[in-house]
Every structure is written in C-alpha cells, then in structure tokens.
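Below are the chains, spelled out letter by letter.
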Amino acid sequence: MEKHDTNLDTAGAEAPANEKGARRRRKRSPEIAALQAMLKQTYYPHARNQTLLDQLNNLLDDFEDYDEIATKLGLSRVGQLNEGRAVVVVGESGTGKSRSLERAFADLGMTNPTDKTFVLSIQAPSPCNLKQLGIKILEALGYWIQRDLQENVVWRLVPDQLALRNIRFLHIDEMQHLTQLNNPVEALKVCDTLKGLMQNTNWPMWLILSGMPKLANVIENDFQLRRRSTFVRLDQLTACKEDLKEIRNVLYNFCGKAGLSLDGLPVRELASRLMHGTEGRLGYLIEVVQAALSVTLREERKTPLMGDFERAYETKTGCHPEQNVFADGVQWQDVDVRNTLFPDDDIEEARKPKKRRRKVSRGA
Ligand SMILES: Nc1ncnc2c1ncn2[C@@H]1O[C@H](COP(=O)(O)OP(=O)(O)OP(=O)(O)O)[C@@H](O)[C@H]1O
Ligand SMILES: [Mg+2]
C-alpha cells in the first residue's frame, strides 16, 4: 500500500485533550516564572514621574484648601476657592501615561476608596460623546442604569452620584476620543460639561484628564478649560545624551532586578537601537526590554544577547528580519519603524541586502 506522510500526531489524537495540552505546555522552573512575572510588574520611576507627582500634589493641595474652609466655615465662605482644577497629561501612545498615573495615584494614597482624595478612574468612551461619557461615569460609580436615559438626565445624575459617593477626583483616560466625534459642537459640549463639574457650587470636582496629543488641541481651543488646567507632557525620548542615559538606566535597572548582567553587550549601541526601534516611547521601550530579558531567562542564561532583543522585537512588531533594528548588519538608523509590519514598499525591494554600516554580532 502506498504510504503517505500525513504528519499526524497520532499519540496526541489518542490522548485526552487536557493531557495533550499539558504535554504541549512549555515548562518553566518556578524561579524563572517568578523572575519573568517580577519583570512585568516592575515599575521604572522615570525622570518625568516627579513632574507628574508635583502637579498631582498641587491638585491635592488645592482640594485640601477648599475642603478646610468649606468644612470649617461653610460653603458660602469658600469664595474663589469654590472651583475645582484639572491636571492634563498628554503623550503619544506607549509613552506610559496610564501606568504612570496609576502608579502616581497609588503613591499619593488616592486609591483608597474610603479616603477623601480617592480618584475614580475611567476610560473615555469611543467616540466620546456627552451621553456615553456620563453613562461610563455612572457605571464606574456602580449606579445601576435600568433603561435608556436621556443625556440631560444622565448629566443630572452624575454630580449627584459623585457627591453621594463622596468622590472629588475624577480621572478620564483616553480623552483624545473626544476628537473622534468629528463634531466640534459636541466636543465643546463635553468640555463645557467638564468645566461645569469643576464649577459645581455644591460639589466641585478636581479632574485628571489624560490622552494623546490631540487632546491638547481640544483644550487649547477652550480657554476656560485651559485656564483651569495645568499640563504634564510625557514626550517621546530622543537621541540626546540625557535620554540615552535614561534608556541605559532602564536596561541596568531591569537586568539588575532579573539578576542578569549586561557585561559584554554594547550597551550604548543597544540603547540607541532601542530608542530608534520604539520611537522613544518609554513604556513601549520598557516592554521590549522586559520581553528580551524574558527570553534570556527562559534560556537560562545570565547575560542577554543582542539576539534576545532581536527576537523580542520581531515578536512584538511582526517586522521582517531586514527591518529588525536589532538584527546583525541592518542599517537600523534607516529603518522606518512605523512601517514594518506590512511595508508599503515593494517587499522585494525592502529585502534586498543593504550596505552594512556597522556590524554588531547577534551574540555580542
Ligand atoms: N515607568 C514604567 N515602568 C514599567 N512599565 C511601564 C512604565 N511606563 C509604562 N510601562 C508599560 O508600558 C506599556 C505602555 O504604557 P501605558 O499603557 O501606560 O502607555 P500609554 O501612554 O497609556 O499608551 P496609550 O495611549 O496607548 O494608552 C504598558 O505595558 C505599561 O505597563
Ligand atoms: Mg493609556
């Protein structure tokens, strides 16, 4: 009888599903698993953390001033203090806005639901129209919405429910969804309503708004909102001396945590490649470092190789080897990292061997 190589995993076909799964599951030692998990959880306190903490501290001071007078002398005496303020955090995707804020809230004691300074954190709906935003806030407050409510009813409920639950700080992330409305009138309505929350005489609110730079445009066009806000920019890192030093710090920091040594790796070169490959988006850069070190740990080595970064980057970006900024012989400075998954250029063109500028061995 004619034989066919079917490549069928006959043993697997006979084995019970859970046993089959267990056999295919890659094994990790508990120590490696713990180190990998620790890498993912580790927070890197970057230079701009302090600016963020300072601004949030100012916001808390502002609330405390209001609260002290309102409690001691009554609402009628708070005068011009009777108005909340906002901190606006802007940065490109992956710069670390959400994680930095989450960390700052925890550091400032704003995550304790019984505390006066507890912050309610929500993500703006997409697109961020007024009614949906209100519904998101009500849902986060645990308010049970039984039927489809009108926008004005939603927004009558929001301040009442915030007051009822003693919430003074509201964080709205992904606020750039406002611009998805493509409707300046609706966007203005949202801005006006946010101002209204801050100016509510019975229950003024203090806001933290975060999002991509488009959010800044919306606020810049609304002077009343702008006047009540202070700004924190989480800019992308650049190839300047200080930023490259910060990237090296990230590398030493995470390697130290994982018990790995960077000896033998061209750390300056690696920092420049990381900076280029991630467009200086610090959070994203940290993710690449974590993924690369995870490869090192998995292979039970004590020293990461450039190849670990190459593999981590390929997995994270889906790029072709010719466009992998960590690959040996690639002119990484010329790689358009925004266009590596499905490059617009003729793929054959992109795959043509390029002139070597600088050679870094994979195993360096
Ligand atoms: N300081 C940090 N230490 C460790 N990990 C970080 C740090 N900052 C960001 N990260 C990680 O980087 C990734 C991107 O960060 P984050 O989600 O905060 O970015 P973002 O600016 O909010 O992006 P987006 O606009 O897409 O929501 C996340 O996995 C986050 O855990
Ligand atoms: Mg975010």
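Here the structure is a predicted model, which means the values were calculated and not measured.

Enquirer: Talk me through the pairing of strand β1 (residues 86–90); I want residue IDs and the actual numbers.
Expert: Taking burial as the measure, the 5 residues of β1 include 5 buried ones, the bulk of the element. Residues Ala86, Val88 and Val90 of β1 are buried on one face, and the alternating residues Val87 and Val89, pointing to the opposite face, are buried as well. Relative to strand β4 (residues 206–211), β1 runs parallel, the two being bridged by 5 bridges. Residue pairing for β4: Val88 is matched across the bridge by Leu209. In this structure, β1 lies alongside strand β5 (residues 229–233), joined through 5 bridges in parallel fashion. Bridging across to β5, Ala86 finds its partner in Ser229.

Enquirer: Explain the nonpolar core to me, using residue names and the numbers behind them.
Expert: It is characteristic of soluble globular proteins that their nonpolar side chains tend to be buried jointly. By size, the foremost hydrophobic cluster in this structure holds 46 residues, and its most contacted members are Val87, Val89, Leu178, Leu207, Ile208 and Leu209. Those residues in contact with Ile208, other than ones at most four positions away along the chain, are Ala86, Val87, Val89, Leu101, Val119, Phe169 and His171. By size, the runner-up hydrophobic cluster in this structure holds 37 residues, among which are Ala258, Leu260, Leu274 and Val325.

Enquirer: Now, about the site of ligand 1: what can you tell me, with residues and values included?
Expert: In the vicinity of ligand 1 there are 18 residues, among which Ser93, Gly96, Ser98, Arg99 and Gly283 approach most closely. Ranked by residue count, the leading element in the shell around ligand 1 is helix α13 (residues 282–298), at 5 residues. Split by residue class, the shell around ligand 1 holds 6 nonpolar, 9 polar and 3 charged. Both domains that meet at the shell around ligand 1, namely domain 1 (49–233) and domain 2 (241–351), each give it at least three residues.

Reading the values: the criteria
- Residues numbered from 1 in each chain as written.
- Chains lettered and ligands numbered in written order.
- Predicted model: local features only at pLDDT ≥ 70, side-chain atom pairs only at ≥ 80, totals over all residues.
- Buried ≥ 20, exposed ≤ 12 C-beta atoms within 10 Å, placed from the backbone.
- Helix = DSSP H or I, 4+ residues; strand = E, 2+ residues; numbered from the N terminus.
- Pairing = 2+ DSSP bridges.
- Core = buried A, V, L, I, M, F, W, Y, C linked by C-beta atoms within 7 Å.
- Contact = placed C-beta atoms within 7 Å.
- Near = placed C-beta within 6 Å.
- Nonpolar A, V, L, I, M, F, W, Y, C, P; charged D, E, K, R; others polar.
- Domains from an automatic or database assignment.

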